[in-house]
Amino acid sequence: VSPLSDKIIKSNKDVIKDIATGKVESCDAYYPVLCLDGIEDYKHCASKCDKDAGEEVGVDCGRVGLITCDKDSGECPGFFQNGASLNDDYISGGVCLVLSLFLLFVCLMALVNVLQRGLAGMSTRIIYKATNVNGLIGIVIGAAITILVQSSSITTSVLTPFVGLGVIQLEQMLPLTLGANIGTTITGLLAAMVSDNVDALQVALCHLFFNISGIVIWYPIPIMRRIPLRGARALGRATRRSRLVPPIYIIVVFFVIPLLLLGLSSLFMQKTVGFTVLGSFLVIGVILGIARFIWWWKKQEGLQKCLACLDRRTDMNNTMKTLPEDMQFLKSKVAQLVEHTGLPEDEEAGDAQKGSDGTAEEVAPENEEVAIEDKED
C-alpha cells in the first residue's frame, strides 16, 4: 500500500519532530512551499539546506510543508503543489482522509462478505480451536502478528469480523487485541534505538509501558476483565437495535469527551484568576451533570427509555421500508375480495354516491319544512 499511497500523498515527518523538540513553534514556519526553478521533485523542493555552509531557503534549497516528496524515487505526490499554503495542505489532507475512510469501509465490507462465504464447516471449527488458547498466549500471538504486519489496525480489522461471525469468542479476542497494542509499540521502539536519540527512546518507552500498564489493570483480575467484555456486549446489543449507536459512541468518546477535557485543562493553564474560576465552575457543572445523568440512567429508568426510543425508531424505519410492499399486498387482497363478492368497484362507488345523494335529498325537504314553520310563527 505504501508505494501506491506515496504517489498520492506523503507526509513530512520532520514537521512533527521539529515541533515536538521545539525547533519551530508552528507549521507556519514551513510555508509557503518553495521549489527551485519551479521544478517539483525531491532535489529542488525537499532537499535540506546546509546552514553551516551558508545555504538559504529559496536560493540553494527548497522548502516543503506537511506534504513532501519521495526521497527514493525523487518524485512528488499528486497532492503536492509548489507555492502551496498551510490551508492548501489541510484541504489535501482532508480529502485523502475522506477517501481513505471510504476505502476502509469498502474493504471491510468486502472482507466480511468473503469471510462469510469462505468460513463454513471445517474451517470455522479449525479457527475456533486454534484461537481457544490461554490468555497470555493470546497476548503473545497478537503481539507477534502485529510485529509482522507492523500495524495493530490491520490485526484488529482482520480479527474483528471473525468475532462477528462467531468464529472467535469475545473472551479470546480481548487478549489478541491487547497483544496487538503491545506489538504496535515495537516498531517505534526499534526505530528509537537505532536513532540514538534519548528523547525518541523516552517516547517509545512511554508508549510501551502505557499499554503494558493498561493490560495489567484490565486483564489479570477477572472482575476488571469483565468490564470491557460487558461493555462490548452492551454496545453490540444496542447496535442491533439501531445503527445510530456506533457513530454516536465514536463522536462522544473520541471527540466530545477529549475536547471537553482539553478545553477545561486549557482554562487552568492560562494561570489567571478569571479563567481559573471559570474552569472551576465548569468542572463543578460537569461533575453535577454526570451525577444527574447517572441518577437518571439508574434510578429514573433512563436505560429503558433509551432502548424504547431505539426500538421505536427501528420499527418506524422498518415500517417505512415495507410500506410499499404492504400497500401492494392490501390492494391485492381488496381485489380478491371484490372478485369474491362479484361486485365491481365502479358499482360500489356508484352505490356509495347514490346513497350520499339520497341522504342529501331526504335532509333537504326536512330543512324546507322547518323553514316554513319558522315563517308561519
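Not measured: the values here are computed from a predicted model.

A word on the overall build of the chain. Counting secondary structure elements, the chain contains 14 helices and zero strands. Along its sequence from the N terminus, the chain presents helices and strands in the succession α-α-α-α-α-α-α-α-α-α-α-α-α-α. Looking at the chain as a whole, 20% of its 377 residues are labelled buried. In the chain, once contacts between residues fewer than 6 apart in sequence are set aside, the share between residues at least 24 apart is 58%. Of the accessible surface of the chain, which amounts to about 26900 Å², a share of 65% is contributed by carbon and sulfur atoms.

On to the pattern of salt bridges. Going through the model one piece at a time under the given rule, you end up with three salt bridges. Here Lys7 ties to Glu75 by a salt bridge, and the two come within 2.9 Å at their closest N and O atoms. Remark: Glu75 occurs in the loop between α3 (42-46) and α4 (86-118) and Lys7 occurs in helix α1 (residues 2-8); sequence separation between them is 68 residues. The partly exposed category is assigned to Lys7, whose relative accessible area is 48%. Looking at Glu75, the relative accessible area reads 43%, which means it is partly exposed.

Within a pair of aromatic rings, the relevant descriptors are the distance that separates the centres and the angle that separates the planes. All chains considered together, the criterion is met by four aromatic pairs. For the ring pair Tyr249 and Phe254, a centre distance of 6.5 Å and an interplane angle of 85° mean the geometry is edge-to-face. Taken together, the ring pairs in this structure connect Phe293, Trp296 and Trp297 into an aromatic cluster. Residue placement shows Arg225 over the ring face of Tyr219; its charged tip is 4.6 Å from the ring centre.

At Leu323, helix α13 (residues 302-341) shows its largest kink, close to 50°, and the proline Pro324 lies no more than four residues downstream. Looking at α13, one finds that the buried residues are Gly302, Leu310 and Val338.

With that out of the way, let us pick up the environment of Leu264. Mapping Leu264 onto the fold places it in helix α11 (residues 245-269). Note: C-alpha distance between Leu264 and Phe275 (11 residues apart in sequence) is 9.6 Å. Not counting residues within four places of it along the chain, the set of residues in contact with Leu264 comprises Gly279, Leu282, Val283 and Val286.

Another point: the state of the cysteines. Applying the stated criterion across every chain yields a total of two disulfides. There is a disulfide in this structure between Cys35 and Cys45, and the S-S distance comes to 1.9 Å. Negative torsions about the S-S bond denote left-handed disulfides, and the value of about 120° found for Cys35 with Cys45 makes this one right-handed. In this pair, Cys35 sits in the loop between α2 (13-21) and α3 while Cys45 sits in helix α3, placing the two residues 10 residues apart along the sequence. Paired through a disulfide, Cys69 and Cys76 show a sulfur-sulfur distance of 2.0 Å. Negative torsions about the S-S bond denote left-handed disulfides, and the value of about 80° found for Cys69 with Cys76 makes this one right-handed.

This next bit is on helix α9 (residues 198-218). Helical periodicity: at 3.6 residues per turn, an α-helix aligns residues three or four positions apart in one direction. When the terminal C-alpha atoms of α9 are compared, their 30 Å separation across 21 residues agrees well with the 30 Å that a helix rising 1.5 Å per residue should span. Taken together, the buried positions of α9 are occupied by Ala204, Leu208, Asn211 and Ile215. What you see down the axis of α9 is that its buried residues fit within an arc of 60°, all on one side. Facing away from the buried surface of α9 by more than 90 degrees, the exposed residues are Val198, Val203, Cys206, Phe209, Phe210 and Val216.

Before going further, it helps to spend a moment on unusual backbone geometry. Cis peptide bonds are those with omega within 30 degrees of zero, and the linkage from Tyr31 to Pro32 qualifies with 0°. You will see that Asp37, though not glycine, has its phi angle at about 60°, which is positive. Relative to the helices and strands, Asp37 resides in the loop between α2 and α3. On the basis of relative accessible area, Asp37 is assigned to the exposed category, the value being 73%. Its identity as a non-glycine residue notwithstanding, Glu301 has a phi of 60°, on the positive side. Tracing the sequence through the fold places Glu301 in the loop between α12 (273-298) and α13.

Here the focus is the packing of helix α6 (residues 135-149) against helix α7 (residues 152-164). Orientation of α6 relative to α7, taken along the N-to-C sense of each, is 120°, at an axis distance of 8 Å. Comparing their axes, α7 and α6 come out oblique. α6 and α7 meet at a crossing whose hand is right-handed. Counting all contacts with α6, which are made through Ile145, Thr146 and Val149, the residues of α7 involved are Ser152, Ile154 and Thr155. Looking at the contact of α6 with α7 residue by residue, the classes come out as three nonpolar, three polar and no charged.

Before going further, it helps to spend a moment on the environment of Ile137. Here Ile137 is to be found in helix α6. Taking relative accessible area as the criterion, Ile137 reaches 45% and is therefore assigned partly exposed. Sequence spacing of Ile137 and Pro175 is 38 residues, and the spatial spacing of their C-alpha atoms is 8.3 Å.

This brings us to the confidence of the model for the chain. The predicted model of the chain has a mean per-residue pLDDT of 80, with 87% of residues at 70 or higher. Per-element mean pLDDT across the chain ranges from 48 in helix α14 (residues 345-376) up to 91 in α12. For the stretch residues 358-364, pLDDT sits under 50, and the model shows zero contacts to residues farther than four places along the chain or on other chains.

Thresholds, definitions, all that
- Residues numbered from 1 in each chain as written.
- Predicted model: local features only at pLDDT ≥ 70, side-chain atom pairs only at ≥ 80, totals over all residues.
- Heavy atoms only, no water.
- Helix = DSSP H or I, 4+ residues; strand = E, 2+ residues; numbered from the N terminus.
- Buried < 20%, exposed > 50% of the residue type's maximum accessible area, 1.4 Å probe, protein only.
- Contact = heavy atoms within 4.5 Å.
- Areas by Shrake-Rupley, 256 points an atom, 1.4 Å probe, with all protein chains shown as cover.
- Salt bridge = Lys/Arg side-chain N within 4 Å of Asp/Glu carboxyl O.
- Phe/Tyr/Trp six-rings, centres within 6.5 Å; stacked < 30°, edge-to-face > 60°.
- Lys NZ or Arg CZ within 6 Å of the ring centre and 35° of its normal.
- Bend = angle between axes of the 7 residues up to and from the residue.
- Disulfide = S-S within 2.5 Å.
- Expected span 1.5 Å × (residues − 1).
- Arc of directions from axis to C-beta.
- Axes fitted to C-alpha atoms, helices over the stretch in contact; angles between N-to-C directions.
- Parallel < 35°, antiparallel > 145°, perpendicular 65-115°, else oblique.
- Left-handed = near helix turned anticlockwise from the far one by under 90°.
- Nonpolar A, V, L, I, M, F, W, Y, C, P; charged D, E, K, R; others polar.
- pLDDT = per-residue confidence, 0-100.

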